Amino acid sequence: MEFRESKYLIFDTPKKLSIKFIIKWILAKVASPYYKVMYWWTAPKIRQKKYTVSICAIFRDEGAYLKEWLEYHLLIGVDHFYLYNNFSKDNYLEILNPYIEKGVVTLTDWPIPQGQMAAFADCAEKYSEETNWIGYIDLDEYVVPNHDNNIKDLLAKFTKRPLVLIYWLYFTSSGHLYRNNENLLTEDFTVCWKKYADIGKLFFNTAYDYADDLPRNQHMHHRWARVGNHVLPPVNVFDKVCAWGENPVPTDDMPAQINHYVIKSYQEYGEKKKRGGGVHKDMHDEQYFWEHELMSAKADYHIFKYIILLKKKLNGYK
């Protein structure tokens with residue numbers, strides 16, 4: 001028997017009912033109380049650093065989207081960005097220069113094919129001493145605090161947790177064959193999957209060790225961290241322990257989500273395929289577009305509480 005979704009989540013990889021699955025499920029249930037105790041027992045001392053919340057991202061030819069992405073995340077409370085340029089040939093530097101001059105962006109050239117995971121590790125190694133949190137997301141991902149209005153307020157609840165997993169909500173084309181890139185991406189795309197994905201991206205608490213040497217940490221969606229001799233799993237936005245592939249989600253009222261604009265318009269999807277990315281050697285094909293497009297089942301407007309503020313910022317209003 002194969003399961004492709006639960007009540008609130010669509011599985012990135014279908015789950016098969018097997019002895020291995022049952023053992024992992026039991027382990028996750030039994031271990032959860034243990035890890036909750038360990039979070040408290042091993043919690044390192046927290047000190048305020050230069051930045052509270054930063055974002056690390058690798059990009060390639062994302063000039064059309066950089067300004068909206070930066071201004072949006074500044075709006076929700078992000079202090080700083082560690083950006084890794086991966087073979088860009090567009091006008092990215094023209095867009096980033098004002099943010100670099102203001103000290104908002106630290107830019108690193110990163111000419112490494114499929115260099116995302118290496119860039120993330122480099123960021124943790126170099127910059128953990130100057131920021132309390134590092135969120136590892138992409139340029140097509142927007143963090144949306146649903147219960148809070150500021151990312152700092154959300155993460156303040158997790159100071160004794162090593163990593164916080166925020167689930168993806170996949171957004172599709174919203175019927176756009178072509179799109180004017182001068183429009184807001186966050187306003188143009190509102191149609192999404194009927195449920196959240198069981199994967200997303202992590203915010204790393206830099207009071208802990210990034211633990212890039214752990215074999216399980218070759219995967220970007222479910223990393224563990226270390227404190228002393230203890231290795232600890234992430235929690236999700238409900239403060240539920242996420243270990244051995246389990247994602248306990250008690251409701252679809254997510255405290256926060258990541259809007260993943262994975263395909264955008266049909267035209268933009270084709271352009272993205274041509275320029276490639278920082279993770280996969282071969283970009284997704286036409287089938288990938290339709291697999292996501294045909295999962296569209298609802299509209300989501302959580303991000304719209306920020307749209308007017310974002311428009312004012314991008315248009316120079318005070």
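Residues numbered from 1 in each chain as written. Predicted model: local features only at pLDDT ≥ 70, side-chain atom pairs only at ≥ 80, totals over all residues. Heavy atoms only, no water.

Student: What should I look at first to understand the overall build of the chain in this one?
Tutor: Each helix and strand in the chain was counted, giving nine helices and 16 strands. The C-alpha radius of gyration of the chain comes to 19 Å, within 12% of the 20 Å expected for a compact globule of 318 residues. Considering only intrachain contacts with a sequence separation of at least 6, the fraction spanning at least 24 residues in the chain is 75%. Carbon and sulfur atoms make up 54% of the accessible area of the chain, which totals about 15,100 Å². (Helix = DSSP H or I, 4+ residues; strand = E, 2+ residues; numbered from the N terminus. Rg over C-alpha atoms; globule rule 2.2 N^0.38 Å. Contact = heavy atoms within 4.5 Å. Areas by Shrake-Rupley, 256 points an atom, 1.4 Å probe, with all protein chains shown as cover.)

Student: Looking at this structure, how should I read the packing of helix H2 (residues 63-75) against helix H9 (residues 307-314)?
Tutor: If you want to describe how two helices pack, look at the angle between their axes and the distance between the axes. Running from N to C, H2 and H9 point in directions that differ by 120°, and their axes come no closer than 10 Å. Taken as axis vectors, H2 and H9 run oblique relative to one another. Classified by chirality, the crossing of H9 by H2 is right-handed. Across the interface between the two elements, Lys67, Glu68, Glu71, Tyr72 and Leu75 from H2 touch Leu309, Leu310, Lys313 and Leu314 from H9. Of the residues in the contact of H2 with H9, the class split is five nonpolar, no polar and four charged. (Axes fitted to C-alpha atoms, helices over the stretch in contact; angles between N-to-C directions. Parallel < 35°, antiparallel > 145°, perpendicular 65-115°, else oblique. Left-handed = near helix turned anticlockwise from the far one by under 90°. Nonpolar A, V, L, I, M, F, W, Y, C, P; charged D, E, K, R; others polar.)

Student: Please clarify how unusual backbone geometry should be interpreted in this entry.
Tutor: Non-glycine residue Gln114 carries a positive phi angle of around 50°. Positionally, Gln114 belongs in the loop between strand E5 (105-109) and helix H4 (116-127). The class for Gln114 is partly exposed, based on a relative accessible area of 35%. The phi dihedral of Lys264 is positive, around 60°, even though this residue is not glycine. With respect to the helices and strands, Lys264 occurs in the loop between strand E15 (256-261) and helix H7 (266-275). (Buried < 20%, exposed > 50% of the residue type's maximum accessible area, 1.4 Å probe, protein only.)

Student: Would you explain the sheet that holds strand E2 (residues 9-16) in this entry?
Tutor: By definition, the strands of a sheet pair up through backbone hydrogen bonds, in either a parallel or an antiparallel sense. The three strands lie next to each other as E1-E2-E10, forming an open sheet whose pairing is mixed. This sheet does not close on itself; its edge strands, each paired only once, are strand E1 (2-5) and strand E10 (196-197). Two strands pair when backbone bridges link them, and E2 and E10 are joined in this way by two bridges, in the parallel orientation. Its bridge partner being in E10, Ile10 is matched across the sheet by Ala197. (Pairing = 2+ DSSP bridges.)

Student: Before we go on, may I ask you to explain the side chain of Asp188 in this structure?
Tutor: Position of Asp188 relative to the elements: it lies in helix H6 (residues 185-188). Apart from the residues within four sequence positions on either side, Asp188 is in contact with Ser174, His176, Arg179, Asn180 and Asn183.

Student: Even after reading the chapter, I still don't get the pairing of E2, so can you show me in this structure?
Tutor: With three bridges connecting them, E1 and E2 associate as antiparallel partners. Among the inter-strand pairings, Glu5 is bridged to a residue of E2, identified as Ile10. In this structure, the hairpin formed by E1 and E2 is closed by a connection of three residues.

Student: Where do I start with the packing of H2 against helix H3 (residues 92-101) in this structure?
Tutor: One can describe the packing of H2 onto H3 by two numbers: an axis separation of 8 Å at closest approach and a directional angle of 20°. Put simply, H2 runs roughly parallel to H3. Two packed elements cross with a definite hand, and for H2 against H3 that hand is right-handed. When H2 is examined against H3, the residues Gly63, Leu66, Lys67, Leu70, Glu71 and Leu74 are found in contact with a partner set consisting of Tyr92, Ile95, Leu96 and Tyr99. Considering only residue class, the contact of H2 with H3 consists of seven nonpolar, one polar and two charged.

Student: I'm lost on a nonpolar patch on the surface in this one. Help?
Tutor: A contiguous nonpolar surface patch, about 1,100 Å² in accessible area, is contributed by Met1, Phe3, Leu17, Ile19, Ile22, Ile23, Trp25, Ile26, Leu27, Val30 and Trp244. Looking at the nonpolar patch, the element that brings in the most residues is helix H1 (residues 19-42), giving seven residues. Given the relative accessible area of 40%, Leu27 is considered partly exposed. (Patch = residues over 30% accessible without salt bridge, like charges linked within 9 Å, V, L, I, M, F, W, Y side chains within 5 Å. Salt bridge = Lys/Arg side-chain N within 4 Å of Asp/Glu carboxyl O.)

Student: Help me out: how do you make sense of the pattern of salt bridges in this one?
Tutor: Think of it this way: side chains of opposite charge can pair up when their charged atoms draw near. Under the definition given, this model contains 18 salt bridges. Here Lys201 and Asp138 are joined by a salt bridge, their closest N and O atoms 3.2 Å apart. On the criterion of sequence distance, the pair formed by Lys201 in strand E11 (residues 200-205) and Asp138 in the loop between strand E6 (131-136) and strand E7 (141-145) is long-range, its members being 63 residues apart. By relative accessible area, which is 1% here, Lys201 ends up buried. For Asp138, a relative accessible area of 16% translates into the label buried. Taken together, the salt bridges that share partners define one network made up of Glu5, Lys194 and Lys195.

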